[in-house]
Structure formats: structure tokens, C-alpha cells
Amino acid sequence: MTKFPMTVQGARALEDELKHLKTVMRPQITQAIAEARELGDLKENAEYHAAREQQGMVEARIRDIEGRLQNAQVIDVAALPRTGKVIFGVTVDIANVDTDETVTYQIVGDDEADIKQGKLSVSSPIARALVGKEEGDVVTVRTPSGVVEYEIVEVRHV
């Protein structure tokens, strides 16, 4: 079975969500179903159908999270030796060679990616261009708007 890389923080967030779903949401939905059953005829009981639908969504999410965690290869970048190379999990500062605009990204797994939070998927074009390179290297990235060159300013194991 193929393992997918995930940061420690990403795994922890999924485990926290799973715990919340199992310990908080499940009992709430079970209670809502029980209360809706007491109201009578289940065929025309909107509360019952809504609670059952919510139960289905929560159970599907629980299965999804359990599957992701089972197939995850959790990588603790803080425990890896600092070589100055861009690898999975590091936080990297890059500067656009043309505009001198500096941005910071953390290279994370596909499930954790959120560009608004500066979390870049390891399979994205920018991350693929950066992985394996070192501080001071200039990388060329093909983007939909054209070719952009970035200089790797700093690599941090956070």
C-alpha cells in the first residue's frame, strides 16, 4: 500500500478532528435521533431525517480520516538533520528574482495544503521545483502566467 507524506502537525490535526467526531458529534447525533424518534411518525419527521443525514456525513468523515491516518507516513522535520536543502516539511523563504518579493511556504502533504496559510502541497509545481535544492539556489518554475525564477533565501526545520 502506498504511504502518503504528512507532517506531524497535519497528523495531529486529523487525530484531533477524529477525536471530536467520535466523542462529541456521535453522541450529539445519537441524542438528536432518539429525540426525533419520540416525536412520532418517522416517514414525515424532518428532524429524524436531518439527524440521520448528519450521522451519515459524520461516519463518512470518520472513515475518511481513519483511512488517511492509516496510509500516512508522518515525517517530523524537526528531527531531521539540517542540511540547508529543501525537503518535505521544511519552511522555506523564497524571493522572486524579478520583483524581490519574498514569500514563505511550508512544504506539506496534499491533504494539508492551504496556500492562504502558506502551506504548499509537495506535488505543486513550485514545491517540485524547490525540493532537493539548497539555500542560495535559483529555481525556475513554470506557472500558468509564464516562467518565474525564485531564489531560495532560507530553509528552516520548524
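Above this text is the structure in question.
What counts as what
Residues numbered from 1 in each chain as written. Predicted model: local features only at pLDDT ≥ 70, side-chain atom pairs only at ≥ 80, totals over all residues. Heavy atoms only, no water. Core = buried A, V, L, I, M, F, W, Y, C linked by side-chain atoms within 4.5 Å. Buried < 20%, exposed > 50% of the residue type's maximum accessible area, 1.4 Å probe, protein only. Helix = DSSP H or I, 4+ residues; strand = E, 2+ residues; numbered from the N terminus. Contact = heavy atoms within 4.5 Å. Pairing = 2+ DSSP bridges. Axes fitted to C-alpha atoms, helices over the stretch in contact; angles between N-to-C directions. Parallel < 35°, antiparallel > 145°, perpendicular 65-115°, else oblique. Left-handed = near helix turned anticlockwise from the far one by under 90°. Nonpolar A, V, L, I, M, F, W, Y, C, P; charged D, E, K, R; others polar. Salt bridge = Lys/Arg side-chain N within 4 Å of Asp/Glu carboxyl O.

Caption draft 1: The nonpolar core, seen in detail. Among the nonpolar cores identified, the biggest contains 18 residues, and Val86, Val92, Ile94, Ile107, Leu130 and Ile152 are the most heavily contacted of them. Of all the secondary-structure elements, those providing two or more residues to this core are strand E3 (91–96), strand E4 (102–108), helix H3 (125–130), strand E6 (138–143) and strand E7 (146–156). Leaving out residues up to four positions away in the same chain, Ile152 has contacts with Val86, Val92, Asp93, Ile94, Leu130, Lys133, Glu134, Glu135, Gly136, Asp137 and Val139. Counting 15 residues, the second largest nonpolar core, distinct from the first, contains Ile29, Ala36, Tyr48 and Ala72.

Caption draft 2: Highlighting the pairing of E7. Pairing of E3 with E7, which is carried by 6 bridges, proceeds in the antiparallel orientation. Bridging across to E7, Asn96 finds its partner in Tyr150. Here 6 bridges tie E6 to E7, and the two strands are oriented antiparallel to one another. Looking at E7, one finds that Thr143 is bridged to Gly146. In sequence, E6 turns back onto E7 through a hairpin of 2 residues.

Caption draft 3: Structural view of the packing of helix H1 (residues 8–38) against helix H2 (residues 46–70). Interhelical geometry of H1 versus H2 gives an angle of 160° and a closest axis separation of 9 Å. One way to sum up the angle between H1 and H2 is to call them roughly antiparallel. Viewed along their axes, H1 and H2 form a crossing whose handedness is left-handed. Tallied by class, residues from the contact of H1 with H2 come to 15 nonpolar, 2 polar and 11 charged.

Caption draft 4: Looking closely at the pattern of salt bridges. Evaluated as defined, the whole model comprises 8 salt bridges. Glu17 is paired through a salt bridge with Arg61; the nearest N and O atoms lie 2.9 Å apart. Placement of Glu17 in helix H1 and of Arg61 in helix H2 is noted, with a sequence separation of 44 residues between them. For Glu17, a relative accessible area of 30% gives the class partly exposed. With a shortest N-O distance of 2.8 Å, Asp64 and Arg61 are connected by a salt bridge. You can see Asp64 and its partner Arg61 sitting in helix H2, 3 residues apart, about one turn around the helix. Three or more residues joined by partner-sharing salt bridges are found here, namely Glu17, Arg61, Asp64, Arg68 and Asp111.

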